[in-house]
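Examining the three-dimensional arrangement
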Amino acid sequence: MYTSTERQVDTLFVLLDNGENLDYFGEQVTQLEHALQCAKFAKDSGADDDCVLGALFHDIGHLLPNCPRMGDLGVVNHEDHGSEYLAKIGFSLKVQELVKQHVNAKRYLIWKNTDVYYQKLSDASKGTLEHQGGAMNDDEAQEFEQKEYFHDIMKMRHWDDKGKIVGMKNVPPLDTYRDMAINNIRSS
């Protein structure tokens, strides 16, 4: 029997799968390629299922309809839209928080390593940073460091920054993560 959870996950996967036809905002990979690469990096690092799913879905807010845009740089507050969408489906709080905080992780790294980290960002990521509030201030950074999933959020930011490899081989397909997503919702 096809359950409501399975239907919701399949709808989410259709959104991601449609990302195969969408450029990743100035990068040389598609939205889907980026998501799958990030999930692979998380899985290969031995991360738990919440982190793998957070990596897979971290940019889902860019693929949701009817959200305000930052010109050609994607959806304004995509991290919030994505986290709210995943909450409605019933994903764990950790998955939601990883999605919600991945932009703040970029802002934090700019605050912590301004010269080094900023130079590593792609032009597109530098462009979105302006819309996302720029570097954190000292108070924001100290508060961010106290987040329950701070270390996992920072790992996810690393996978996000890395997941832009053109023609990457041995990347598992989207269906690889279907049961993981269903189990996450059912156990939350």
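Scope of this entry: the structure provided in the associated data block. Here the structure is a predicted model, which means the values were calculated and not measured. (Residues numbered from 1 in each chain as written. Predicted model: local features only at pLDDT ≥ 70, side-chain atom pairs only at ≥ 80, totals over all residues. Heavy atoms only, no water.)

1. Brief notes about the overall build of the protein
- Counting its secondary structure elements, the protein contains 10 helices and zero strands.
- Counting the 188 residues in the protein, one finds 54% classified as buried.
- Contacts in the protein between residues far apart in sequence, at least 24 positions, make up 70% of those at least 6 positions apart.
- A total of about 9,400 Å² of accessible surface is found on the protein, and carbon and sulfur atoms cover 47% of it. (Helix = DSSP H or I, 4+ residues; strand = E, 2+ residues; numbered from the N terminus. Buried < 20%, exposed > 50% of the residue type's maximum accessible area, 1.4 Å probe, protein only. Contact = heavy atoms within 4.5 Å. Areas by Shrake-Rupley, 256 points an atom, 1.4 Å probe, with all protein chains shown as cover.)

2. Looking at empty space enclosed by the protein
- Summed over the entire model, instances satisfying the criterion amount to two cavities of 30 Å³ or more.
- Approximately 50 Å³ is the volume found for the second largest cavity.
- Forming the boundary of the second largest cavity are L16, Q31, H34, A35, L56, H58, D59, I60 and L63.
- When its residues are assigned to classes, the lining of the second largest cavity shows five nonpolar, three polar and one charged. (1 Å grid on protein atoms, 1.4 Å probe; cavity = no way out; pocket = protein on both sides within 12 Å on 5 of 7 lines; lining within 4 Å. Points joined across faces, edges and corners; volume = space filled by probe spheres on them. Nonpolar A, V, L, I, M, F, W, Y, C, P; charged D, E, K, R; others polar.)

3. Observations regarding the packing of helix α5 (residues 93-112) against helix α9 (residues 150-162)
- In contact at an axis separation of 8 Å, α5 and α9 are set at 70 degrees when each is read in the N-to-C sense. Comparing the axis directions of α5 and α9 gives the class roughly perpendicular. The segment α5 lies against α9, with K94, L98, V99, Q101, H102, V103, A105, K106, Y108 and L109 engaging F150, D152, I153, M154, M156, R157 and D160. (Axes fitted to C-alpha atoms, helices over the stretch in contact; angles between N-to-C directions. Parallel < 35°, antiparallel > 145°, perpendicular 65-115°, else oblique.)

Without other data, these values stay purely geometric and don't point to any function.
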